[in-house]
Amino acid sequence: MEWSIPKIIAGFVATGVLLLVYAQLFALHRRKALALWTAAWFCYAVRNLLVIGLPSDFSSGDMLVRAFSLLAAAGAYLLLWGSLVFLDSAAKAPRWPVMAMAGGFLFALIAQTFGLPHKIIIAPACIAVGLTYAAAGLRLLQAGHLEPWPRFAAGAALVFWGLVQQILVTILITPTPETMAWGLLSGTACEVFTAIFLLVAFYQQMHHNLRRSQDELISQQERLEAALGNLPIAVYAFDWQGRPGLWNRAAAKLTGYRATEFRDMGQAIKQMFDLQDQRVLGLDESNLSRGVPLTLARKNGETRHIILHAMGATAPLEGWPEWGAVQDVTRQKMAERELYRQLDFSNAVLDSTTTLTMVIDARGRIVFFNKASEKATGHSMEKLVGLYALDCLVPPERRQRAKNYISSLNTMQFPNERLSQLLTKDGGRISIQWSANAIRDDSGGVEFVVVSGVDVTEQLKAEAALRRSEQFHRGVLENMPGGMLIFDYPRKDIVYINPAASGLLGFSGPQDPSQGKLQDWACTKMGKLALIIEDLEPGQTIRTRDVALLTTSGRPMHCDVSASVVEIEGSHKIICFLRDSSRRDAARERIRQATASVTHNFNNLLMAITGNAQALEDLMQSRQASRREIKLLGNVARAASNGQDMVKRLEAFLVSGVQDNTGREVLPLAEVVHTALDLVEATTKHERSRFIAADLPDSLWTNGHRGELVDVFLNLLSNAIEASGKNGEIEIAGVVEQGMACIRVADNGPGIDPENLPRLFEPFFSTKGVRGKGLGLASCKGVIMAHGGSIEAQNRQEGGAVFTVRLPLAEPRPRPQAEARPRGNGRPRTVLLVEDEALVAMGAEAVLTQAGHNVRHAANVAQARLALKRQWPDVVICDQGLPDGSAWDVARAMKNNGADQHKHTPFVVVTGWSLDSVGMVPPPDIPKPDMIIRKPVERGELLRAVEKD
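Since this is a predicted model, take the numbers as computed values, not measurements.

**Q** Quick rundown of the pattern of salt bridges? Include the residues and the values.
**A** In the structure shown here, the tally under the stated rule is 13 salt bridges. In this structure, arginine 304 engages aspartate 328 in a salt bridge whose closest nitrogen and oxygen atoms are separated by 2.9 Å. Taken together, the positions of arginine 304 in strand 4 (residues 303–310) and aspartate 328 in strand 5 (residues 322–328) put the pair 24 residues apart, joining distant regions of the chain. The exposure class assigned to aspartate 328 is partly exposed, which follows from its relative accessible area of 30%. Ionic contacts of the salt-bridge type, sharing partners, join the residues Glu737, Arg744, Glu792 and Arg806 into one network.

Written as structure tokens, this is what we have:
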């Protein structure tokens, strides 16, 4: 029979169009169901193409017929599988259609070999394929979630295709060319209707899903807006026109602005960031999504540090092309700055501390090395970081121990301490007392070790020196000449006694403090020493002289005692030093006796000088001698008076041990300086070429010793005259500066060598070679400092030197009117002068004789007794020390030989001894003298003593 070619081509075209439509849909939507349906329409298109070559009798043995049948079966299976996936995306490929169709095709092959009729041969295969179509249609009819009419239409088309067209038409109708053509065309029609209805169902489902997705999207967006609006971090969003679509409460709180205050995003950026729009918008989108640190300006002018996360480029939201979140990191920024500040502070502390600090990691590599460590070792941190401490800091003989230490860090107890040595850069070694502590990681393992230590190199040397010193001092204590006792406090038991104390107390040899003999002495023979140590308190020191003790034999002795409570090795002890004072007392007595003898003889000498000089001065005045000669004699008398003052101070110091300040008086410094000028002119050769200018106001007064201050200025003037030479000029000026009397003595000599200026006032330092003893300026400084002043020397710019003396000012006193030189009161007296020194007697006799008195001289006590018997005197002046007795013997002779009318004869004692000496106390059997005068006696004082009524 002949095929209807136009009908076949029309069916192929319709199937091809469906194939293209489904392929395009799959390319757009990428759904698995569309892929399976597209594959089914491909099978149908190929099958319709094979129709052209089918035999007219449609014999089942033809290869094209078999391919046609297989393509029909494949299309049916793909339609079923695609429908299942369309209804449930997780549906798996069905197995029963494959098995049914495979059985039908196997039956066809077997039945064909037996020559069975054509309808019987193809019946099982057709039934299997028809049931597959029908199953797909039934599944579509049962899908309640699809739109009603598309699923009913598609399901009905598939059921009709499977049950009616595939089974009834193919099996029941007698196959003729005409019926076969109409059967193929009906199948093609079923294909077209099924494809169209499946597309309608697919688009209906897509529309339903889209609407549901849109509703869900709207709901989610509303929930998103609500969530973003309530987030604690600032969130913003701008629409396509740049208008703010979202500006949550956190954003308003952070910026101070409301969303209505912005016209668009550009204005917001400009107001808050003071940047051009393109700068913020032009940032790399990847950076914006990760976060960009910026500084935000709030509405009130404050600035905040933020992190801007612009998410619009990477996660766009519907209607919000620009949105993001802003994180306020101001506190974090401040905390970060504070952390860095603390780190800088910690590093500064570590670098400024004197403690050596080093950090090593778990492998022993150096991580940190502070300034103190650099200074101690000579290494620099830059060169050590990253190196192993074993290689560059640890001495070779200690490296194995250090290696073992590092390897056992995780099992070690921290902190730990030890003494070790480090190598310095120059190859030396220093001893370090260090302490190590560990910094552990999250797992508990040691990550770093912080080592801090102190350089104890000098300390160890000092300790060694201390041990040697202790041995030395113990030897000193054992061999010291003074005694030392150490008592326990407060029990007062003796815990140590040195050999000197043992011998001093009468023990035969060294004593053990635990022996009963020593403790018995402490309990019975300590005497006043027990009372001294009984009252001692911690920190207190008592020094006492002439403490009475008993030796072990019971012999009394006197000691100087110094006792104090000190802390020794954590407990208090009483240290008591003993020194035998008997020898010192004897030596002091000998010094006192020698001093008294020297002062007595020196006062006699001064008395002789004073008396004779004053007598000669009166004689020269009566003979009208020159003023210079009279002045020179006055200088002699004045020098003797100064010598007397010096002897008194020397005597007070050597005899009583204290400086005599009783001779101080308020003095005009101008008078003191002029006295020194008179003396220096008298003791040096006068040359007219030397010019001395003195400018001293009368307002300069001070409280001091006249003689000492005259000696100071005499010394300064003598040095100035010697330094200035023959044609020298000396200037003396006085002013008041800062409440002090300031007197400058300047010369135009060569000046003082700058190297010698610092040592000028040192004792025994002299620039005069063998001629100088180096004591003049040193004594001047001592005198001035004792007066509360100061003295200094400088070189003058115009040449020469200037010495400046500063003394405390005193209130001026009115000058007494000059008294006329006493000449006697007109009534001559008979004076018995008892004096063994001929020169002294000559001077005193001359003064009294010139005053009109009758003087008789006796050289000793025996001559005085004879003189009293021959003629009773009006006044007796007697020296205290006489060759055959004392003044008290003369007084006793006056008492025994004198009549009642002579019992009130004045008795004046003149002495060169100290007034507080034992010999100056009169015996009880004689009356007290009317007057006691110290030598040398001045003219006026002598005359007043004689002429006193």
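Back to the text.
**Q** Describe the packing of helix 24 (residues 706–724) against helix 25 (residues 776–786), and please don't skip the residues or the numbers.
**A** Packed helix pairs are characterised by how far apart their axes lie and by the angle those axes make with each other. Interhelical geometry of helix 24 versus helix 25 gives an angle of 145° and a closest axis separation of 10 Å. As helix 24 runs across helix 25, the sense of the crossing is left-handed. Along its contact with helix 24, which presents Glu708, Leu709, Val712, Asn715, Leu716 and Asn719, the element helix 25 presents Gly776, Leu777, Cys780, Val783 and Ile784. A breakdown of the residues in the contact of helix 24 with helix 25 according to their chemical character gives seven nonpolar, three polar and one charged.

**Q** Give a description of the pairing of strand 14 (residues 556–568) that names residues and reports values.
**A** Note: strand 13 (residues 541–550) against strand 14, eight bridges, orientation antiparallel. Along strand 14, the bridge assignment pairs leucine 549 with methionine 557. Between strand 13 and strand 14, which pair antiparallel in sequence order, lie five residues; one of them, glycine 554, sits at a positive phi of approximately 90°. For strand 14 and strand 15 (residues 571–580), the ladder comprises 10 bridges, and the chain directions are antiparallel. Following the sheet pairing, isoleucine 568 is matched in strand 15 by serine 571.

**Q** Account for empty space enclosed by the protein, with residues named and values stated.
**A** If you walk through the whole model with that rule in mind, you get three cavities of 30 Å³ or more. By volume, the largest cavity is sized at about 470 Å³. Contributing to the lining of the largest cavity are 26 residues, with Val394, Ala402, Ser420, Leu422 and Trp434 lying nearest its centre. At the level of secondary structure, the elements contributing two or more residues to the lining of the largest cavity comprise strand 6 (356–361), helix 15 (389–392), helix 16 (399–407), strand 8 (416–423), strand 9 (429–440) and strand 10 (446–455). Ranked by residues supplied to the lining of the largest cavity, first place goes to strand 8 with five residues.

**Q** Quick one: what's the story with the pairing of strand 2 (residues 244–247), residue by residue and with numbers?
**A** When strand 1 (residues 234–238) meets strand 2, the two strands line up antiparallel, connected through three bridges. Bridge assignment links tyrosine 236 to a residue of strand 2, and that residue is tryptophan 247. Linking two consecutive strands that pair antiparallel, namely strand 1 and strand 2, is a turn of five residues; a positive phi of about 85° is found at glycine 242 within it.

**Q** Residues and numbers for the sheet that holds strand 29 (residues 931–934), please.
**A** Taken together, five strands build an open sheet; the order of strands is 24-23-25-28-29 and the sheet is parallel. Each having just a single partner strand, strand 24 (854–858) and strand 29 make up the two edges of the open sheet. In this sheet, neighbouring strand axes are inclined to one another by 20° on average, regardless of whether the strands run parallel or antiparallel. In terms of strand pairing, strand 23 (residues 830–834) meets strand 25 (residues 875–879) through four bridges, oriented parallel. Of the residues in strand 25, the one forming a bridge with leucine 833 is isoleucine 877.

**Q** I'd like a rundown of a nonpolar patch on the surface, residues and numbers included.
**A** Taken together, the side chains of Leu106, Phe107, Leu109, Ile110, Phe114, Leu116 and Ile120 define a hydrophobic patch exposed on the protein surface, amounting to about 660 Å² of accessible area. No other element matches the four residues that helix 4 (residues 96–113) contributes to the nonpolar patch. Along the chain, isoleucine 120 falls in helix 5 (residues 118–142). Note on isoleucine 120: relative accessible area 40%, which makes it partly exposed.

**Q** Pulling in residues and values, what's your account of the side chain of arginine 298?
**A** Within the secondary structure layout, arginine 298 lies in the loop between strand 3 (292–297) and strand 4. Ignoring any residue separated from it by four or fewer positions in sequence, one finds arginine 298 in contact with Lys253, Leu254, Thr255, Gly256, Tyr257 and Arg304.

**Q** Describe the environment of glutamine 327, listing the residues and the values that go with them.
**A** Along the chain, glutamine 327 turns up in strand 5. Ignoring anything within four residues of it in the chain, the contact list for glutamine 327 reads His305, Ile306, Ile307, His309 and Gln332.

**Q** Can you break down helix 29 (residues 939–947) residue by residue, with the values?
**A** Of all nine residues in helix 29, seven are buried; the element is thus mostly enclosed. Three or more residues of helix 29 are buried, namely Arg939, Gly940, Leu942, Leu943, Ala945, Val946 and Glu947.

**Q** An account of the environment of proline 232 is needed here, citing residue identities and associated values.
**A** Looking at the element boundaries, proline 232 is found in the loop between helix 7 (177–230) and strand 1. Under the relative-accessibility criterion, proline 232 is labelled exposed at 74%. Sequence separation of proline 232 and alanine 251 is 19 residues, and the distance between their C-alpha atoms is 9.0 Å.

**Q** Go over the packing of aromatic side chains with me, naming the residues and quoting the values.
**A** Scanning the model with the defined rule gives three aromatic pairs in all. Measuring from ring centre to ring centre gives 5.9 Å for tyrosine 236 and phenylalanine 238, while their planes differ by 55°; the resulting arrangement is tilted. Taking 6.4 Å as the distance between ring centres and 80° as the angle between the ring planes, the aromatic pair formed by phenylalanine 761 and phenylalanine 803 counts as edge-to-face. Placement of phenylalanine 761 in the loop between strand 20 (740–747) and helix 25 and of phenylalanine 803 in strand 22 (residues 801–808) is noted, with a sequence separation of 42 residues between them. On the basis of relative accessibility, which here comes to 14%, the residue phenylalanine 761 falls in the buried class. Residue phenylalanine 803 is classed as buried on the basis of its relative accessible area of 10%.

**Q** Describe the confidence of the model for the chain, and please don't skip the residues or the numbers.
**A** Confidence along the chain averages 75 in pLDDT terms, with 72% of residues attaining 70 or more. Ignoring residues within four places in sequence, the model shows residues 817–824, a span with pLDDT below 50, making 13 contacts including any to other chains.

**Q** Which residues make up the environment of leucine 36, and what values do they have?
**A** Examined against the element boundaries, leucine 36 turns out to sit in helix 2 (residues 32–50). According to the relative accessible area criterion, leucine 36 is buried, its value standing at 10%. Note: C-alpha distance between leucine 36 and tyrosine 77 (41 residues apart in sequence) is 9.4 Å. Contacts of leucine 36, omitting those with residues within four sequence positions, involve Leu78, Trp81, Gly82 and Val85.

**Q** A description of the sheet that holds strand 1 should follow, citing residues and the corresponding values.
**A** In spatial order, the strands read 2-1-5-4-3; together these five strands make up an open sheet with antiparallel pairing. Each edge of the open sheet carries a strand with a single partner, namely strand 2 and strand 3. Across the sheet, the mean angle separating the axes of adjacent strands is 30° when strand polarity is ignored. Two strands pair when backbone bridges link them, and strand 4 and strand 5 are joined in this way by five bridges, in the antiparallel orientation. When the sheet's bridge partners are listed, alanine 310 is paired in strand 5 with glycine 324.

Criteria and thresholds
- Residues numbered from 1 in each chain as written.
- Predicted model: local features only at pLDDT ≥ 70, side-chain atom pairs only at ≥ 80, totals over all residues.
- Heavy atoms only, no water.
- Salt bridge = Lys/Arg side-chain N within 4 Å of Asp/Glu carboxyl O.
- Helix = DSSP H or I, 4+ residues; strand = E, 2+ residues; numbered from the N terminus.
- Buried < 20%, exposed > 50% of the residue type's maximum accessible area, 1.4 Å probe, protein only.
- Axes fitted to C-alpha atoms, helices over the stretch in contact; angles between N-to-C directions.
- Left-handed = near helix turned anticlockwise from the far one by under 90°.
- Contact = heavy atoms within 4.5 Å.
- Nonpolar A, V, L, I, M, F, W, Y, C, P; charged D, E, K, R; others polar.
- Pairing = 2+ DSSP bridges.
- 1 Å grid on protein atoms, 1.4 Å probe; cavity = no way out; pocket = protein on both sides within 12 Å on 5 of 7 lines; lining within 4 Å.
- Points joined across faces, edges and corners; volume = space filled by probe spheres on them.
- Patch = residues over 30% accessible without salt bridge, like charges linked within 9 Å, V, L, I, M, F, W, Y side chains within 5 Å.
- Areas by Shrake-Rupley, 256 points an atom, 1.4 Å probe, with all protein chains shown as cover.
- Phe/Tyr/Trp six-rings, centres within 6.5 Å; stacked < 30°, edge-to-face > 60°.
- pLDDT = per-residue confidence, 0-100.

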